[in-house]
Amino acid sequence: MLKISAATAVAVALLSGSIFGAVPAAAQSVDGRGPADGETLFAARCKSCHEPPIVRAPSREQLRDRTNQEIMEALTNGVMQPMATGLGPAEIAALARFLTGRNIQATAAAFPAAPAPASVTPSAAAAAQLGKLRPVSGAMLHDPAPGDWLQWGRTYDGQNFSPLTRIDRKTVKTLAPAWRAPLPGGPSMPTPLVHDGVMFLQTSPDMVLALDATTGEVLWRHAYAPATPSNQKMGLALSGRRVFVPTSDLHVISLDARTGEQVWDHKIELSPPATDRKALVLRSAPLIVGDKVIQGVTASGAPGGGFIVGLDIATGKELWRFHTIARPGEPGGNSWNGLPLDKRSGASVWHQGTYDRDLNLVYYGVGQTYDTGPLLKRSPDPKMTNDALYTDSTIALNPDTGKLVWYFQHLPNDQWDLDWVFERQLATINVGGRPRRVVVNIGKMGILDALDAATGAYLFSIDAGTQNVISAIDPKTGAKTIDPARMPDLARPAVICPGLSGARSWPPTTINPRTDLLYVPLTQWCTQFGPPTGYQLLSSGVGLTNVDHPDATASGKMGRLQAMDLKGHKLAWRQDLAAPISTSVLATAGGVLFAGDLDPELKAFDDRDGKILWRAPLGNYPSSSVISYSVGQTQYVAVVVGLRNNHINDLSRRYQAFRRARGAPADSPKGEPAVVVFALGNRTSTGLPD
């Protein structure tokens, strides 16, 4: 018998002719919470994407043209499912009715009841295993055991590199499934952490799991009940005997790593002029530096913008706060075209920071503003600029005080949502004939900028060649020259490459410190900026239309794995791929790169030339960083699949459209969300020729 998911069963039941019909004016939600109000649900769950519509979402008027089948599948098992997480049948029906203008009746029987998340305490056997966990010391965080994965990028430098060698270019062919642990569906993009044979993972809805890293058995589960719908988060942090967790309702909590019990709960307060807690989000994993828990905050449309907080590790008390939008009257405050603070927004901190112990600096990337209209033309006041600090910048902070030490703005006045917001990786490489400590990052355009880690001085750039906005980069200062034909203009359409989701997005890059090669997952796609029709995202008012990238059109491939030579300051090899990569790239000391894509598969590549060495089907889109760890003599590779986030939704829709336009099948995968783990087996499992 064909097994289908509960969400798919919901859609199937709703699509049967017997349950379509009139919905009572005050349909009750199944859980007894009162009338299901579609307009209220839309405002809470959907409005931020659909009114006004952004590039990844149709308007309400466009939704009226969708079929009931499309709407219900999207709400229950598709791109809108993350925002419908936790809704009962009457609520989903009311929301669908509000979206489409058509009546849909739903009954409790049509919706298999999802059990309410509940915490699980360790069994006696689990408690015995967890009791062997060593406290994660500062020394461990600085120099982790080869088999552990203690941070989002594994090490403080964020290189996302595994020193394990049992899986190498020869043995990778025998890699086979070791275990698969089911997860509840919802929005997330988590990185598992592993310490002493225990895997820690945050998943939807705001649930933290401790798993046996050799079997996937649940050791404990902590269910946090946020005051808002569960949102997309990247991971956790470990220190001492604690797990540090960002929540969907703007809290940071501390859990006992051995039991899952809560130790403290800190509610992050708003900074005026912000007033709406729902406008701010915790997306990244916390960064532990000494006795501080450092957490970035996103604030896409909140007045006053994003910020970073330093919390006391013992109590959660806030010790310092750095605002990522320069305040009027402070350094950089004159860079917002004279706008008052309540008209400045954005500068979100989406990613975890990195840390250099010798310099005692933490590094973060800062995002753009969507309110680009007031910045499009520079103010005539000579004392003002429209650079909009600290958007699109690398900032270096003192972790003890939160004070800004230096900044470098990669792109002033970003009018395209093509920001430089992702991870800052640290490395020691040869620059000008001598070793330099550098911080490197790659923005959405696929351009790498390298800076002196101590001072922020510009060193060099490497352009992957996927973008058409920047026509030149000053070799001394790093200042970018913008092609004037790519400036937003309501009267003149212009194709902007890459698309708004970026040639690269949140999935991390990886550095092999033994070869000084950096590997980046790229997607080849574009967007047309033009008259104010269709999707809109930026307040300049330009309409946004999806366009294929010329390289993808020529090759029939949307994905690319690109190697960059940090020593030579130039591009190395590239491997074009049919499907875009949707995970991090993981480099290992065994000479193998791992990445998951939209085929959906996990693939292994030779790090010398990008040749595919191994592949395995995943059953659903991979949606996390890929990690490698070991327990005893066994090396594992792990990835999370089936959890949705904006990046996966954008990629999958565009890739499916790209395939359909070329006559290829473009079905959505139906596998259940899960942690999928591989280990070496005894036979070739790839199907690839030797």
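In this text, all values refer to a predicted model and were calculated from it rather than measured experimentally. (Residues numbered from 1 in each chain as written. Predicted model: local features only at pLDDT ≥ 70, side-chain atom pairs only at ≥ 80, totals over all residues. Heavy atoms only, no water.)

1. Let's talk about the layout of surface pockets
Empty space among the atoms becomes visible once a probe the size of a water molecule is rolled across them.
So, step 1. Considered as a void within the structure, the second largest pocket measures approximately 360 Å³ in volume.
So, step 2. Taken together, 16 residues form the lining of the second largest pocket, with His 142, Thr 155, Tyr 156, Asp 157 and Arg 437 sitting closest to its centre.
So, step 3. For the lining of the second largest pocket, the class distribution of residues is 6 nonpolar, 3 polar and 7 charged. (1 Å grid on protein atoms, 1.4 Å probe; cavity = no way out; pocket = protein on both sides within 12 Å on 5 of 7 lines; lining within 4 Å. Points joined across faces, edges and corners; volume = space filled by probe spheres on them. Nonpolar A, V, L, I, M, F, W, Y, C, P; charged D, E, K, R; others polar.)

2. Observations concerning the sheet that holds strand S17 (residues 393-397)
So, step 1. Pairing in this open sheet of 4 strands is antiparallel, and the strands run S15-S16-S17-S18 from one edge to the other. The open sheet terminates on both sides in strands that have one partner only, identified here as strand S15 (354-356) and strand S18 (404-409). The average undirected angle you get between the axes of adjacent strands in this sheet is 20°.
So, step 2. In this structure, strand S16 (residues 361-365) lies alongside S17, joined through 4 bridges in antiparallel fashion. Paired with Tyr 364 across the strands is Ile 395, a residue of S17. (Pairing = 2+ DSSP bridges. Helix = DSSP H or I, 4+ residues; strand = E, 2+ residues; numbered from the N terminus. Axes fitted to C-alpha atoms, helices over the stretch in contact; angles between N-to-C directions.)

3. Structural notes on the nonpolar core
So, step 1. Counting residues in each nonpolar core, the largest one holds 104 residues, and the members touching the most others are Phe 200, Phe 594 and Tyr 629.
So, step 2. Each residue touching Phe 200, except ones within four places of it in the same chain, is listed here: Leu 133, Thr 191, Pro 192, Leu 193, Leu 209, Ala 210, Trp 220, Leu 236, Leu 238, Val 243 and Ala 257.
So, step 3. If you look at the next biggest cluster of nonpolar residues, it comprises 19 residues, including Ile 442, Phe 460, Leu 518 and Met 564. (Core = buried A, V, L, I, M, F, W, Y, C linked by side-chain atoms within 4.5 Å. Buried < 20%, exposed > 50% of the residue type's maximum accessible area, 1.4 Å probe, protein only. Contact = heavy atoms within 4.5 Å.)

4. Here's the deal with the packing of aromatic side chains
So, step 1. For the structure shown, the criterion picks out 11 aromatic pairs.
So, step 2. Aromatic side chains Tyr 390 and Tyr 407 sit 5.1 Å apart centroid to centroid with 75° between the ring planes, which places their arrangement in the edge-to-face category. Taken together, the residues span a long stretch of sequence, with Tyr 390 in the loop between S16 and S17 and Tyr 407 in strand S18 at a distance of 17 residues.
So, step 3. Pairing Tyr 629 with Tyr 636 gives two aromatic rings, centres 5.0 Å apart and planes at 20°, and the pair type is stacked. This pair shows no difference in class: Tyr 629 is buried, exactly as Tyr 636 is.
So, step 4. An aromatic cluster is present here, built from Phe 322, Tyr 390 and Tyr 407 joined pairwise through their rings.
So, step 5. It is Arg 321 that lies over the ring of Phe 307; its NZ or CZ is 4.2 Å from the centre.
So, step 6. Lying across the ring of Phe 658, Arg 662 places its NZ or CZ 3.6 Å from the centre. (Phe/Tyr/Trp six-rings, centres within 6.5 Å; stacked < 30°, edge-to-face > 60°. Lys NZ or Arg CZ within 6 Å of the ring centre and 35° of its normal.)

5. Describing the side chain of Asn 441
So, step 1. Residue placement: Asn 441 occurs in strand S20 (residues 434-442).
So, step 2. Within the structure, the side chain of Asn 441 is placed 3.5 Å from the side chain of His 410, a separation counted as a polar contact.
So, step 3. Among residues more than four places away in sequence, those in contact with Asn 441 are Thr 394, His 410, Trp 420, Glu 423, Arg 424, Ile 447, Leu 448 and Asp 449. (Polar contact = N/O pair within 3.5 Å; in protein donor to acceptor, adjacent residues only side chain to side chain.)

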